[in-house]
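So you can see what is in the structure, the chains are spelled out below.
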Amino acid sequence: MIFNVATLLSKNVGEKRKHKFKLENFSAGKQNFIDIVCKITMLKTHKNILVYGDIGAKYKDYCDRCLQSIMMNLETNFEEEFISFYNIEDTIIQNKFHGSNKYVIDIYNQIDLYEILKDYLVSVIPIKKLCEDNCLGLCKICLANLNLKKCICA
Ligand SMILES: [Zn+2]
Ligand SMILES: [Zn+2]
């Protein structure tokens, strides 16, 4: 997911480049995503590059109630300006900037979309994960999956 934007940086404001890419797997810490499809547009701004687009991915997890594995479809869109390292003239700002801003066009005129994928995909993982809205969960006594069968505990 690394793009060299040297040519685009030399173009006029408003010039665009579109890309589409797919990844079989993408890991962000503990989270694993599969079948990632990403459409992006890179737009030359006054001095930098605005990157926007949308991301779709599948995410595997477990139902909070019945613990069955579930596959979720995630979709999100993003817009971030990548600032060229060379546009930061003041060394103090440069140091500060380098430490805090993740969206930087590096010294080789490359942008890496890793942080975008990571931040935006992780942010759309639902907090409550259910196989279906009315999942009956597990019996607290015999641990039977109550979606599949009724137990005799109650
Ligand atoms: Zn469930
Ligand atoms: Zn039971």
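Our subject is the structure that appears above.
These numbers come from a predicted model, not from an experiment.

Conventions adopted
Residues numbered from 1 in each chain as written. Chains lettered and ligands numbered in written order. Predicted model: local features only at pLDDT ≥ 70, side-chain atom pairs only at ≥ 80, totals over all residues. Heavy atoms only, no water. Donors = N, O, S within 2.8 Å, 3.2 Å for Na, K, Ca; no water. Tetrahedral: all angles 85-135°; square planar, octahedral: opposite > 155°, others 65-115°. Helix = DSSP H or I, 4+ residues; strand = E, 2+ residues; numbered from the N terminus. Buried < 20%, exposed > 50% of the residue type's maximum accessible area, 1.4 Å probe, protein only. Salt bridge = Lys/Arg side-chain N within 4 Å of Asp/Glu carboxyl O. Contact = heavy atoms within 4.5 Å. Core = buried A, V, L, I, M, F, W, Y, C linked by side-chain atoms within 4.5 Å.

Looking at this structure, I do not really get the coordination of the zinc ion (ligand 1). What am I missing?
Four donors placed tetrahedrally about a metal ideally form angles of 109.5 degrees, and six donors placed octahedrally ideally form angles of 90 or 180 degrees. Taken together, the protein ligands of the zinc ion (ligand 1) are Cys 63 (SG), Cys 66 (SG), Cys 131 (SG) and Cys 135 (SG), with distances of 2.2 to 2.3 Å. Here the zinc ion (ligand 1) is ringed by four donor atoms whose angles at the metal span 105 to 115 degrees, and the overall shape comes out tetrahedral. Of note, the donors binding the zinc ion (ligand 1) are all from one chain and are spaced C-x2-C-x64-C-x3-C. Remark: Cys 135 occurs in the segment after helix H3 (114-123) and Cys 66 occurs in the loop between strand E4 (49-62) and strand E5 (69-84); sequence separation between them is 69 residues. The same class applies to Cys 66 and to Cys 135, which are both buried.

Explain the pattern of salt bridges to me, please; I cannot follow it from the model alone.
Tallying each qualifying case throughout the model produces five salt bridges. For Asp 35, the salt bridge goes to Lys 58, with nearest N and O atoms at 3.5 Å. With Asp 35 in strand E3 (residues 31-44) and Lys 58 in strand E4, this pair connects stretches of sequence that are 23 residues apart. Note on Asp 35: relative accessible area 41%, which makes it partly exposed. In this structure, Asp 61 engages Lys 129 in a salt bridge whose closest nitrogen and oxygen atoms are separated by 3.8 Å. Of this pair, Asp 61 sits in strand E4 while Lys 129 is found in the segment after H3, placing the two residues 68 residues apart along the sequence. The exposure class assigned to Lys 129 is buried, which follows from its relative accessible area of 15%. Overlapping salt bridges, with partners in common, bring together Glu 115, Lys 118 and Asp 119 in one network.

It is not clear to me how the side chain of Asn 145 should be interpreted in this structure. Could you clarify?
Note on placement: Asn 145 falls in the segment after H3. In contact with Asn 145, not counting residues within four places along its chain, are Cys 66, Gln 68, Gly 137 and Leu 138.

Explain the coordination of the zinc ion (ligand 2) to me, please; I cannot follow it from the model alone.
The coordination sphere of the zinc ion (ligand 2), as far as protein atoms go, consists of Cys 139 (SG), Cys 142 (SG), Cys 151 (SG) and Cys 153 (SG), spread over 2.3 Å. Here the donor residues of the zinc ion (ligand 2) share one chain and are spaced in sequence as C-x2-C-x8-C-x1-C. Taking the relative accessible area as the measure of exposure, Cys 142 reaches 39% and is therefore partly exposed. In this structure Cys 151 comes out as partly exposed when scored by relative accessible area, which is 25%.

Can you walk me through the nonpolar core in this structure?
As a rule of thumb, nonpolar side chains are buried together in soluble globular proteins. Residues Phe 33, Met 42, Val 51, Ile 55, Ile 111 and Leu 113 are the most contacted members of the largest nonpolar core, which totals 31 residues. Those elements that place two or more of their residues in this core are helix H1 (6-9), strand E2 (16-28), E3, E4, E5 and H3. When sequence neighbours within four positions are dropped, the list of residues in contact with Ile 55 reads Ile 36, Val 37, Cys 38, Leu 74, Glu 75, Thr 76, Phe 78, Ile 116, Leu 117, Tyr 120 and Leu 121.

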